[in-house]
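Structural features, examined
Residue-level listing of the chains:
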Amino acid sequence: MAKTNPFQFVQQVRTEVSKVTWPSRRETAITTVMVFLMVVLATIFFFVADQVMGWGVGFLLGSPAG
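Residues numbered from 1 in each chain as written. Predicted model: local features only at pLDDT ≥ 70, side-chain atom pairs only at ≥ 80, totals over all residues. Heavy atoms only, no water.

Time to look at a nonpolar patch on the surface. Together, Phe 9, Val 10, Val 13, Val 17, Val 20 and Trp 22 give the surface a local cluster of nonpolar side chains, amounting to about 570 Å² of exposed area. Here Val 13 lies in helix 1 (residues 6-18). By relative accessible area, Val 13 is classed as partly exposed at 35%. (Patch = residues over 30% accessible without salt bridge, like charges linked within 9 Å, V, L, I, M, F, W, Y side chains within 5 Å. Areas by Shrake-Rupley, 256 points an atom, 1.4 Å probe, with all protein chains shown as cover. Salt bridge = Lys/Arg side-chain N within 4 Å of Asp/Glu carboxyl O. Helix = DSSP H or I, 4+ residues; strand = E, 2+ residues; numbered from the N terminus. Buried < 20%, exposed > 50% of the residue type's maximum accessible area, 1.4 Å probe, protein only.)

The final tally for this structure, using the stated rule, is one salt bridge. Of the charged contacts, one joins Lys 19 and Glu 16 as a salt bridge, the two residues approaching to 3.2 Å between their closest N and O atoms. The class for Glu 16 is partly exposed, based on a relative accessible area of 47%.

Here helix 1 spans 18 Å end to end across 13 residues, near enough to the 18 Å set by a 1.5 Å rise per residue. Of the residues that open helix 1, the one with a side-chain oxygen 3.0 Å from the backbone nitrogen of Phe 7 is Asn 5. (Expected span 1.5 Å × (residues − 1). Polar contact = N/O pair within 3.5 Å; in protein donor to acceptor, adjacent residues only side chain to side chain.)

Here the focus is the packing of aromatic side chains. Each pair of aromatic rings is reported with the distance of its centres and the angle of its planes. Tallied over the full model, the rule gives two aromatic pairs. Taking the centre distance of 5.1 Å and the plane angle of 75 degrees together, the rings of Phe 45 and Phe 46 count as edge-to-face. On the accessibility criterion, Phe 45 (53% relative accessible area) is exposed. You can call Phe 46 exposed: its relative accessible area is 57%. Relative to Phe 59, the ring of Trp 55 has its centre 5.6 Å away and its plane inclined at 15 degrees; by these criteria the two rings are stacked. Highlighted residues: Trp 55 and Phe 59, both in helix 2 (residues 25-61), separated by four residues, approximately one helical turn. The two residues Trp 55 and Phe 59 agree in class, both being exposed. (Phe/Tyr/Trp six-rings, centres within 6.5 Å; stacked < 30°, edge-to-face > 60°.)

Shown next as structure tokens:
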């Protein structure tokens, strides 16, 4: 494997970065909101699932619900 000197490396990195399609501020904001929404939905889902499973185990073992 050929070694690249630091100057060539920086040039190659700049060339590759210039090829990247960066998201707009609006796209970034929408994606951020969607991530937070999915986190909230996942939190609600797992909370409800945990409560149902806890109730089910308690029912099967005959211990009080809670």
